[in-house]
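# A closer look at the structure
Here is what each chain is made of, one letter per residue.
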Amino acid sequence: MTYRMYIDGEFVESNNRQTRDVDNPAKGEVLAQVPEATTADVERAIAAARREFDEGKWPNMPAAKRGRILLQIAQAIRTHAKELARLETLNMGKPLSESEGDIADAADCFEYYGGLANKITGEVNPISGRALDFTLKEPVGVCGQIIPWNFPLMMAAWKIAPALAAGCTLILKPAEQTPLTALRFAEILDGISDLPKGVVNIVTGDGPTAGATLVKSHDVDKIAFTGSTEVGKWILKTSAETNLKKVTLELGGKSPNVFFADSDFEMAIAGALFGIFYNQGEVCSAGSRILVEKSIHKKLVDAMAERARQIRLGDGMEAGTKMGPLVNAEHRARVEGFIRIGKESGAKLVCGGNRPGGELARGYFIAPTIFDHVDFNSRLAQEEVFGPVVAVIPFENESEAIKLANHSQYGLAAGVWTKDFTKAMHLVKKIRAGIVWVNHYHPAPMEGPWGGYKQSGIGRELGKYGIENYLQAKQVYINLNSKPVQW
Ligand code: ADP
Ligand code: MG
């Protein structure tokens with residue numbers, strides 16, 4: 001299969017015809033070719049988005065009409081949901097049922113922001129004297145949106161939907177590994193005749209060339225990025241060195257999942273496993289540090305290990321697969337590096353740590369891996385693995401649990417498991433993270449804010465917060481005196 005990029009309403013190759021092979025990670029074989037954008041290609045996409053923002057209809061269209069177009073996009077995603085889910089799994093590896101959930105979320109996200117488009121209002125400011133002062137909310141402009149490979153189309157929706165609702169124009173760059181659903185989505189968008197050409201552009205290419213062209217451009221007003229903390233920091237710095245474009249960042253995590261002795265034990269086992277092994281652990285908010293009260297520590301780890309060994313690994317296209325392969329060979333090597341680091345640190349490898357053999361040897365699989373008695377200061381307890389590897393750390397009491405939970409440069413998410421309401425609420429208040437789940441892990445409802453404390457990011461996506469990223473406030477002062485100013 002050969003795909004093309006979407007620039008200014010046209011499907012195009014890269015201007016030097018260069019392409020990149022995209023893998024099916026379950027089979028370790030090439031699935032498709034996509035264009036490898038050059039700087040010139042990305043600059044053409046930026047120019048189209050700039051023209052549409054400065055001179056086009058989109059930012060000035062009645063908000064209700066923009067909203068209706070977003071609802072059409074939501075419907076179009078639903079019409080193609082089966083096909084998009086299959087493509088997502090073929091390219092990214094996750095189980096098909098999870099891709100189906102992601103595609104449904106992508107559609108819901110367009111619906112949410114479609115509904116919000118005509119509910120953006122400014123305010124009248126209570127100033128003194130004969131004057132009227134009010135605030136207009138205006139779209140921030142041309143947006144460069146750079147996304148990772150773990151939830152490809154859903155991440156695209158989280159970025160594109162609020163930007164469009166606000167009246168922005170944009171250039172989206174999917175991750176090198178997983179561009180296919182975004183490119184297929186471009187074809188679906190192209191069928192929506194009310195969406196002007198050049199408002200949404202989708203370019204495929206690498207970070208240092210295509211991504212960096214967006215970040216350095218003086219014609220881009222805002223960058224929305226989801227990915228590694230390292231690249232996020234570079235983006236912030238580069239924005240400062242160019243045109244001080246607005247930046248929102250959703251970065252890494254090392255999220256604590258905290259289990260008290262008074263939690264429901266069955267819920268705890270399931271929650272601990274789901275927290276880390278869902279989506280192969282390739283989740284920025286994965287519950288990758290399990291903090292467990294000493295009195296249930298052994299029992300919980302034993303039960304987790306027993307169930308982890310039974311998790312069915314396989315091709316995401318096969319029914320019954322619970323965990324797919326990692327996204328590519330390079331990423332698997334990185335995860336294996338952390339497994340080595342864990343072993344060398346003296347932590348106890350309880351299960352996994354290996355590549356499964358047989359049929360699965362072709363793909364980039366890693367067995368669910370649990371390390372116990374991990375030193376809370378060690379690299380395995382502090383650095384993001386982004387794979388199916390969890391660090392278990394026992395604790396003595398509530399105050400130690402809080403201290404350990406916050407002992408991280410990150411602050412994206414946390415889970416707390418207990419039947420004691422007051423204890424749960426105390427932890428909710430004390431843990432420094434963008435979301436705290438109580439007796440659950442992972443739901444990210446789009447009606448609420450999503451983002452990180454500390455080095456997990458800047459800004460919030462989703463909900464009403466998510467659209468603020470794409471708006472800026474303009475104050476308007478109207479003098480109601482008819483006399484010349486006295487000065
Ligand atoms: P990972 O290494 O886990 O894939 P990254 O943060 O490198 O995470 O990648 C996330 C996204 O950021 C991808 O779309 C990637 O192409 C992009 N990216 C990587 N480096 C840069 C860069 N220097 N400038 C802009 N985008 C980048
Ligand atoms: Mg990288």
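Up top is the structure these notes are about.
Throughout what follows, the structure given in this document is the object of discussion. A quick note: this is a predicted structure, and the numbers were derived from the prediction, not measured.

Let us look at the overall build of the chain. Counting its secondary structure elements, the chain contains 15 helices and 22 strands. Across the chain, every contact between residues at least 6 apart in sequence was considered, and the portion connecting residues at least 24 apart equals 74%. Approximately 20200 Å² of the chain is accessible, and the part contributed by carbon and sulfur atoms is 51%. Of note, the chain has its 56 positive side-chain charges centred 3 Å away from the centre of its 57 negative side-chain charges.

All right, on to the site of ligand 1 then. Around ligand 1, the structure places 16 residues, and the nearest of them are Ile147, Trp149, Lys173, Glu176 and Ser228. One of the side-chain nitrogen or oxygen atoms of Lys173 is found 2.8 Å away from an oxygen atom of ligand 1. In the model, an oxygen atom of ligand 1 is placed 3.4 Å from a nitrogen or oxygen of the Gly207 main chain. Of the pockets mapped on this structure, ligand 1 occupies the largest pocket. Among the elements of the structure, α7 (207–216), β10 (222–226) and α8 (229–241) are those that each provide at least two residues to the shell around ligand 1. No other element matches α7, which puts three residues into the shell around ligand 1. Across the shell around ligand 1, the residue classes tally to nine nonpolar, five polar and two charged.

With that settled, consider the nonpolar core. Grouped together as the largest cluster of nonpolar side chains are 100 residues, with contacts concentrated most on Phe110, Tyr113, Leu164 and Ile370. The greatest single-element share of this core, amounting to twelve residues, is contributed by helix α5 (residues 152–166). Of the residues that make up this core, three or more belong to each of domain 1 (5–251 + 456–475) and domain 2 (256–438). If we ignore the near neighbours within four places in the chain, the residues touching Phe110 are Leu70, Ile73, Ala74, Ile77, Ala157, Ile160, Ala161, Leu164 and Phe185. By size, the runner-up hydrophobic cluster in this structure holds 28 residues, among which are Phe260, Leu291, Val335 and Phe395.

Time to look at the layout of surface pockets. Space inside the largest pocket adds up to approximately 1200 Å³. Lining the largest pocket are 44 residues, and of these Trp149, Glu176, Gln177, Ser228 and Val231 sit closest to its centre. Those elements that provide at least two residues to the lining of the largest pocket are β3 (19–24), α7, β10, α8 and α11 (329–344). Tallied by class, residues from the lining of the largest pocket come to 21 nonpolar, twelve polar and eleven charged.

About the cut-offs
- Residues numbered from 1 in each chain as written.
- Chains lettered and ligands numbered in written order.
- Predicted model: local features only at pLDDT ≥ 70, side-chain atom pairs only at ≥ 80, totals over all residues.
- Heavy atoms only, no water.
- Helix = DSSP H or I, 4+ residues; strand = E, 2+ residues; numbered from the N terminus.
- Contact = heavy atoms within 4.5 Å.
- Areas by Shrake-Rupley, 256 points an atom, 1.4 Å probe, with all protein chains shown as cover.
- Lys, Arg positive; Asp, Glu negative; His and termini not counted.
- Charge placed at Lys NZ, Arg CZ, Asp CG, Glu CD.
- Near = heavy atom within 4 Å.
- Polar contact = N/O pair within 3.5 Å; in protein donor to acceptor, adjacent residues only side chain to side chain.
- 1 Å grid on protein atoms, 1.4 Å probe; cavity = no way out; pocket = protein on both sides within 12 Å on 5 of 7 lines; lining within 4 Å.
- Sits in = over half its atoms within 2 Å of the grid points.
- Nonpolar A, V, L, I, M, F, W, Y, C, P; charged D, E, K, R; others polar.
- Core = buried A, V, L, I, M, F, W, Y, C linked by side-chain atoms within 4.5 Å.
- Buried < 20%, exposed > 50% of the residue type's maximum accessible area, 1.4 Å probe, protein only.
- Domains from an automatic or database assignment.
- Points joined across faces, edges and corners; volume = space filled by probe spheres on them.

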